[in-house]
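These are the residues of each chain, in order.
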Amino acid sequence: MLDVRRILLFAEVARRGSVTATARALNYTPSAVSQQVSRLEAEAGQPLLERHARGVTLTDAGRALADRAARIERELTAAENELADFAGLRAGTLRIGTFPTVGASLLPRAVIAFRTAHPDVRLTVRSARIAGLWSMLENREIELSLMWDYDWSRIDREDVVVTPLLDDPPALLVSDQHPFAGRDSATLADLADDPWITRAEHHPVAEALDRSCRAVGFEPQIAYEAHDYQEAQAMVAAGIGVALAPTLALEGIRPGVSVLPLLPPAPVRRILLVRMADHALTPAASTFTELLLDTTAARLAPTR
């Protein structure tokens, strides 16, 4: 196979019509240029230059190769410019994964900041449950994903890089008519006799409620299984029961619901940013990661 570097050197000789002029322009010695051209001729299996006292002229094969070399130079220049666009966030695509509570709370501010600063990068967001997020990460459908874990189910895989963002403690939701409404806080044991509204379909929060209640000595009486937190809030407001919800799920509280901070022991989940370890961060992914960290820091900063 022909050596591309020698082809480009040959193109320079063809343009300048002289080995000496080429050597001077590229800061080589004339003998070094001649050696590279000779090696290229050996690779081509035929002469490419006719050497004479005033310089060189191209053979028919040399002219054909010089034409090809000019196209190669244009393509390499285009490739360099295209890569520079990706590096400078003037082109490309960033694909990230998320889950509903973070998609409705933590993520939007980072998305807005990224799109404002880098409008030429196409940003796509995919929302799914944890199994779906893992599948998309492993199949390279997304580059990064927001995820969560609990103490009893830590993400501990050698093939991923995990960046913790923040802890998301739970809160208790009770009706405004509940005897505890308006209290500063409560414990799970305080509500051991209440009916509970939980999440349906083996949702992680349902497991968190079950584990936490058992840890303090009671089995929660499940009165309703909700499919999202808005539905859970509606049932709480209607007085069907009390509920446990992560703080990030409480961006909008409906009328009739009172939120109580939950005193320890409480099932705190970690919010994480995850990527496959063998998938190096692109400039876009690296920038988005920094924006997400900034967003998290701003959320955690004390208000004055």
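Located above this text is the structure these notes cover.
Residues numbered from 1 in each chain as written. Predicted model: local features only at pLDDT ≥ 70, side-chain atom pairs only at ≥ 80, totals over all residues. Heavy atoms only, no water.

Enquirer: Even after reading the chapter, I still don't get the packing of aromatic side chains, so can you show me in this structure?
Expert: Think of a pair of aromatic rings as described by two things: how far the centres are apart, and how the planes are tilted against each other in angle. Evaluated as defined, the whole model comprises three aromatic pairs. Measuring from centroid to centroid gives 4.7 Å for Y150 and W152, while their planes differ by 5°, and the two rings are stacked. Above the ring of Y229, the side-chain terminus of R199 is found at 4.5 Å from the ring centroid. (Phe/Tyr/Trp six-rings, centres within 6.5 Å; stacked < 30°, edge-to-face > 60°. Lys NZ or Arg CZ within 6 Å of the ring centre and 35° of its normal.)

Enquirer: Any chance you could explain unusual backbone geometry here in plain terms?
Expert: Peptide bonds are, in most cases, trans, and in most cases residues other than glycine have a negative phi. Look at the link from P264 to P265: it is a cis peptide, with omega at 0°. Within the element layout of this structure, P265 appears in the loop between β11 (257–261) and β12 (269–276). At N27, a residue that is not glycine, the phi angle is positive and equals roughly 65°. Among the secondary structure elements, N27 is positioned in the loop between α2 (19–26) and α3 (30–44). (Helix = DSSP H or I, 4+ residues; strand = E, 2+ residues; numbered from the N terminus.)

Enquirer: How should I be thinking about the sheet that holds strand β4 (residues 122–127) in this particular structure?
Expert: Whether parallel or antiparallel, the strands of a sheet pair through hydrogen bonds between backbone atoms. In spatial order, the strands read β4-β3-β5-β12-β6; together these five strands make up an open sheet with mixed pairing. Two strands bound the open sheet, and with one partner strand each, they are β4 and β6 (160–168). With strand direction ignored, the average angle separating the axes of adjacent strands in the sheet is 25°. Alignment of strand β3 (residues 93–98) against β4, held across six bridges, turns out to be parallel. Its bridge partner being in β4, R95 is matched across the sheet by T124. Lying on the sheet, helix α7 (residues 130–138) is in contact with β3, β4, β5 (144–149), β6 and β12; it crosses β5 at an angle near 145°. (Pairing = 2+ DSSP bridges. Axes fitted to C-alpha atoms, helices over the stretch in contact; angles between N-to-C directions. Contact = heavy atoms within 4.5 Å.)

Enquirer: Quick question: what am I supposed to make of the nonpolar core here?
Expert: The tendency in soluble globular proteins is for nonpolar side chains to be buried side by side. Judged by nonpolar contacts, the single largest core of 53 residues is most densely connected at L94, L146, I271 and F288. Apart from residues no more than four positions distant in its own chain, L146 is found in contact with G97, T98, F99, V102, L107, L133, L165, I271, L272, L273 and L292. (Core = buried A, V, L, I, M, F, W, Y, C linked by side-chain atoms within 4.5 Å. Buried < 20%, exposed > 50% of the residue type's maximum accessible area, 1.4 Å probe, protein only.)

Enquirer: What exactly am I supposed to notice about the sheet that holds strand β7 (residues 170–175) here?
Expert: Read from one edge to the other, the open sheet built from five strands follows the order β9-β8-β10-β7-β11, with strand pairing classed as mixed. Looking at the sheet topology across the chains shown, the edges are occupied by β9 (221–226) and β11. The average angle at which neighbouring strand axes cross in this sheet is 35°, direction not considered. Here β7 pairs with β11 via five bridges, running antiparallel. Paired with L172 across the two strands is L260, which belongs to β11. In this fold helix α8 (residues 204–215) packs onto β8 (195–199), β9 and β10 (242–246), with an angle of close to 145° to the strand it touches most, β8.

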